[in-house]
Amino acid sequence: MRLGIIAEIHANLPALEAALEALRKEGIDQVLAVGDLVGYGPHPRQVIRKLDREGIPCVPGAADLRVAYALPSPAREGIAETTIRWTREQLGQREMQYLRHLRSRHRYETPGGRLMVFHGSPEDPEQKLDLNDAHPAEILKMLESIRSRYAIVAGKHIPFRRAVHKGVVYDPGSVGLSLGGEPGADVLILEDDIHGEIHHRFLKLPYDYGQVTFDLAAWELPEVLAEVVRQGRFPQ
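Residues numbered from 1 in each chain as written. Predicted model: local features only at pLDDT ≥ 70, side-chain atom pairs only at ≥ 80, totals over all residues. Heavy atoms only, no water.

Focus on the pairing of strand E4 (residues 106-110)
Piece 1. Summarising the sheet, E4 and strand E5 (residues 113-119) pair through 5 bridges and their orientation is antiparallel. Counted as the bridge partner of histidine 106 is valine 117 from E5. (Pairing = 2+ DSSP bridges. Helix = DSSP H or I, 4+ residues; strand = E, 2+ residues; numbered from the N terminus.)

Concerning the sheet that holds strand E3 (residues 58-59)
Piece 1. With mixed pairing, 5 strands are arranged side by side in an open sheet as E3-E2-E1-E9-E10. Edge positions in the sheet fall to E3 and strand E10 (198-205), since each has one partner strand and no second.
Piece 2. Where strand E2 (residues 30-34) meets E3, 2 bridges bridge the pair, whose relative direction is parallel. Within E3, the position partnered with valine 34 by the bridge is valine 59.

Some points on the environment of histidine 199
Piece 1. Relative to the assigned elements, histidine 199 resides in strand E10.
Piece 2. Between the alpha carbons of histidine 199 and isoleucine 189 there is a distance of 8.2 Å; along the sequence they are 10 residues apart.
Piece 3. If sequence neighbours within four positions are ignored, histidine 199 has contacts with Ile189, Leu190, Glu191 and Asp193.
Piece 4. Among the polar contacts listed, one links the side chain of histidine 199 to the side chain of aspartate 193, at a separation of 2.8 Å. (Contact = heavy atoms within 4.5 Å. Polar contact = N/O pair within 3.5 Å; in protein donor to acceptor, adjacent residues only side chain to side chain.)

So, the sheet that holds E4
Across a sheet, strands are paired by hydrogen bonds formed along the backbone, either parallel or antiparallel in direction.
Piece 1. Spatially, the 5 strands line up as an open sheet ordered E4-E5-E6-E8-E7, and their pairing is mixed. Both edges of this open sheet fall to E4 and strand E7 (160-164), since each of them pairs with a single strand only. Each neighbouring strand pair of the sheet contributes to a mean axis angle of 15°, computed without reference to strand direction.
Piece 2. For E5 and strand E6 (residues 150-154), the ladder comprises 5 bridges, and the chain directions are parallel. Across the sheet, the residue bridging to histidine 119 is alanine 154, located in E6. (Axes fitted to C-alpha atoms, helices over the stretch in contact; angles between N-to-C directions.)

Spelled out as structure tokens, the structure:
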């Protein structure tokens, strides 16, 4: 079993294409996508349609739900809310229905135990778990609550792995808006061995940054987003 995990695509089509091409070359058995699929980037319709055509199982992130629904919680501020409003204007009924029908979690059974995939936290895609500083008991409690040995927890845009006893949590990073200080698309590969143990690799993939920054400017989206694409972080 070889899984390719992509997350935080954020409507960045060149980054998504680079990630999928790399996973094809790796001979991946299954690709899973974790929100946010849209928000911030200039290609929301194209990204949704490509994921749909490829038949890739996806779970929604906070931006996806805010685009798809008028949520009662307080609106985001600044560029996040600006790009969410713009994204809604770009999507037709087909794309909106796609977002509304996404499952909140994806479960995958491995020889070594269950793998659960979600954005944010098991209960709330908008809640960001602090996997790095959390007490080991909190990690174990979370894994027990979802009856899983492994969890893919997207949300921080920075690749991360932490093992706690026999449990392991991963953040795949971000395909379209990586914030680890290096530009490129983040991809996580999981592969089990003959003993049922899962091994991981994080990939950092270049893509056509110029095309994305051009399209951001063409749609008059916030200029800071082009800097994030080029630098892999928000400007200081």
